Amino acid sequence: MDALARLHELKLPFAELIGIEFTEAAPELVVARMVVREEFCTRPAVLHGGAIMAFADTLGAAATILNLPPGAGTTTIESKTNFLAPAPVGGKVIGETTPVHRGRRTMVWQTRIATEAGRAVALVTQTQMVLEPKAT
């Protein structure tokens, strides 16, 4: 099964709730988009920073999942966001996640979020901890 099909099969509940659509996936790249819905906005009708961070965190977690050994899990242990420009309601944001480090115990991902027109909205760097499989 290819990486994109695997992410679609996982049906990550939060990703589905906020409408994340994965469009490209490989162990070294995850791309997704999300509609900027009014309920995700602050005033004046631009995407809330928390929604931006949730979008990026989901992409980083998905990328980590594609790189985990069998039976392992993951959790975010650190995230830093630079907010660069607004994303207006009604448009879409595109997130592109690439690895900075893929180790046995941690993975670090950088996610660039932009509008459909390519304007940078945010740059997020996050660290995911690799959780060892539980002993049976």
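On a predicted model such as this, the values are computed, not experimentally measured, just so you know.

Okay, the sheet that holds strand β5 (residues 73–83) next. Taking strand neighbours across the sheet as the criterion, the six strands line up as β1-β2-β6-β7-β8-β5 in an open arrangement whose pairing is antiparallel. The sheet is open, and its two borders are formed by β1 (21–26) and β5, each paired with just one other strand. Going from strand to strand, the sheet's axes swing by 20° on average, the running direction of each strand aside. Note: strand β7 (residues 106–115) against strand β8 (residues 120–131), nine bridges, orientation antiparallel. Across the sheet, the residue bridging to arginine 112 is leucine 123, located in β8. Set on the sheet, helix α1 (residues 3–10) makes contact with β1 and β2 (29–35); between it and β1 the angle comes to about 135°. Of the strands in this sheet, β1, β2, β5, β6 (92–102), β7 and β8 are in contact with helix α3 (residues 49–65), which crosses β8 at around 45°.

This part is about the pattern of salt bridges. A full pass over the atoms with the stated rule returns three salt bridges. Measuring nitrogen to oxygen at the nearest pair gives 3.0 Å for the salt bridge that ties arginine 33 to glutamate 21. Linking arginine 33 in strand β2 with glutamate 21 in strand β1, this pair joins segments that are twelve residues apart in sequence.

Let us now look at the environment of lysine 92. For lysine 92, the position within the fold is in strand β6. It is 8.8 Å that separates the C-alpha atoms of lysine 92 and arginine 37, two residues lying 55 residues apart in sequence. Non-local contacts of lysine 92, meaning those with residues more than four positions away in its chain, are made with Arg33, Met34, Val35, Val36, Ala114, Thr115 and Glu116.

Moving on to the nonpolar core. Grouped together as the largest cluster of nonpolar side chains are 34 residues, with contacts concentrated most on Ile20, Phe22, Met34, Leu47, Phe55, Val93 and Ile113. The set of elements that each furnish at least two residues to this core consists of α1, α2 (13–18), β1, β2, α3, β7 and β8. Filtering out sequence-adjacent residues up to four positions away, isoleucine 113 remains in contact with Ile52, Phe55, Ala56, Val93, Ile94, Gly95, Arg119, Ala120, Val121 and Ala122.

Let us now look at the pairing of β7. A regular strand places its side chains so that they alternate between the two faces of the sheet. Judged by how many residues are buried, β7 sits mostly within the fold: seven of ten residues are covered. If you look at the hairpin formed by β6 and β7, you'll find three residues sitting between the two strands. Hairpin connection of β7 to β8: four residues between the antiparallel strands, including glycine 118 at a positive phi of 95°.

Nonpolar side chains collect at one region of the surface, where Ile77, Met129 and Leu131 lie side by side and expose about 230 Å² of accessible area between them. Tracing the backbone through its elements, the reader meets methionine 129 in strand β8. Exposure remark for methionine 129: the relative accessible area of 32% places this residue in the partly exposed category.

Let us now look at the environment of threonine 97. Its place among the elements puts threonine 97 in strand β6. Between the alpha carbons of threonine 97 and alanine 62 there is a distance of 9.4 Å; along the sequence they are 35 residues apart. In contact with threonine 97, other than residues within four places in its own chain, are Glu28, Leu29, Val30, Leu59, Gly60, Ala63, Trp109, Gln110 and Thr111. Within the structure, threonine 97 has its side chain in polar contact with the side chain of threonine 111 (distance 2.8 Å).

Reading the values: the criteria
Residues numbered from 1 in each chain as written. Predicted model: local features only at pLDDT ≥ 70, side-chain atom pairs only at ≥ 80, totals over all residues. Heavy atoms only, no water. Pairing = 2+ DSSP bridges. Helix = DSSP H or I, 4+ residues; strand = E, 2+ residues; numbered from the N terminus. Axes fitted to C-alpha atoms, helices over the stretch in contact; angles between N-to-C directions. Contact = heavy atoms within 4.5 Å. Salt bridge = Lys/Arg side-chain N within 4 Å of Asp/Glu carboxyl O. Core = buried A, V, L, I, M, F, W, Y, C linked by side-chain atoms within 4.5 Å. Buried < 20%, exposed > 50% of the residue type's maximum accessible area, 1.4 Å probe, protein only. Patch = residues over 30% accessible without salt bridge, like charges linked within 9 Å, V, L, I, M, F, W, Y side chains within 5 Å. Areas by Shrake-Rupley, 256 points an atom, 1.4 Å probe, with all protein chains shown as cover. Polar contact = N/O pair within 3.5 Å; in protein donor to acceptor, adjacent residues only side chain to side chain.

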